[in-house]
Amino acid sequence: MSKDPDCIFCKIIAGDIPCFRIYEDEDTLAFMDINPANEGHCLVITKEHAANLYKVSDAAISAAARSAKKVAAVVNAVVGPDGINLVQANGEGAEQSVFHFHLHVMPRRIGDELKMNWGHHPGDMERIKALGEEIAAAIGD
Ligand code: AMP
Ligand code: ZN
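The structure presented is a predicted model; accordingly, all values stated were derived computationally and were not measured. (Residues numbered from 1 in each chain as written. Chains lettered and ligands numbered in written order. Predicted model: local features only at pLDDT ≥ 70, side-chain atom pairs only at ≥ 80, totals over all residues. Heavy atoms only, no water.)

Visitor: How should I be thinking about the site of ligand 1 in this particular structure?
Guide: Close to ligand 1 lie 17 residues; Asp33, Asn35, Ser97, His102 and His104 are nearest. Within the side chain of Asn35, an N or O atom sits 2.7 Å from an oxygen atom of ligand 1. At a separation of 3.1 Å, an oxygen atom of ligand 1 approaches a polar backbone atom of Glu95. In the complex, the protein chains occlude 93% of the 500 Å² of accessible area that ligand 1 would expose alone. When atom positions are compared with the pocket grids, ligand 1 is found to occupy the largest pocket. Among the elements of the structure, helix H1 (8–14), strand S2 (28–32) and strand S5 (102–108) are those that each provide at least two residues to the shell around ligand 1. (Near = heavy atom within 4 Å. Polar contact = N/O pair within 3.5 Å; in protein donor to acceptor, adjacent residues only side chain to side chain. Areas by Shrake-Rupley, 256 points an atom, 1.4 Å probe, with all protein chains shown as cover. 1 Å grid on protein atoms, 1.4 Å probe; cavity = no way out; pocket = protein on both sides within 12 Å on 5 of 7 lines; lining within 4 Å. Sits in = over half its atoms within 2 Å of the grid points. Helix = DSSP H or I, 4+ residues; strand = E, 2+ residues; numbered from the N terminus.)

This is how it looks when you write it as structure tokens:
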């Protein structure tokens, strides 16, 4: 499986950088976004290093879709948003900032007026940690 030693998400997969992990299987890892657009914002990443949608293998994107379905259902149950968007960016013009394939699981609130360029504002780490533990426990694997 390809890795990039300079990639922050590859470092998270390797355990060299910590994350608030919520789910993991052979091909994917899910963890809380530390700059959440809304409460419960998390990421599903492929374990394969691929910069974007054009590079990711069919097997890896299929695994990411399966994990995102599972994670989104649990985030929906635990966080209770009014809706959830799956978002995936490719290229700087799409505001991609980490060039390792990932899906954003983004809880939405009616009237939150969230825009595609939501900005990266650090969240309350204690709250993110607690919510991550709750989601991880609810996923249960
Ligand atoms: P994108 O801008 O679509 O490439 O998404 C990258 C996401 O990764 C952003 O929402 C960042 O907040 C998030 N991110 C970057 N570094 C970390 C990290 N160490 N732990 C959790 N989320 C991160
Ligand atoms: Zn990577």
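Visitor: Hey, could you run me through the side chain of His100 in this one?
Guide: Structurally, the position occupied by His100 is in the loop between strand S4 (83–87) and S5. A residue is classified by how much of its surface remains accessible, and His100, at 0% relative accessible area, is buried. Among the polar contacts made by the side chain of His100, one reaches the main-chain carbonyl oxygen of Thr46 at a distance of 2.7 Å. Setting aside residues no more than four positions away along its own chain, His100 makes contact with Cys7, Phe9, Cys10, Ile13, Ile45, Thr46, Lys47, Glu48, His49, Ala50 and Ala51. (Buried < 20%, exposed > 50% of the residue type's maximum accessible area, 1.4 Å probe, protein only. Contact = heavy atoms within 4.5 Å.)

Interpretation in functional terms is not warranted from these geometric data alone.
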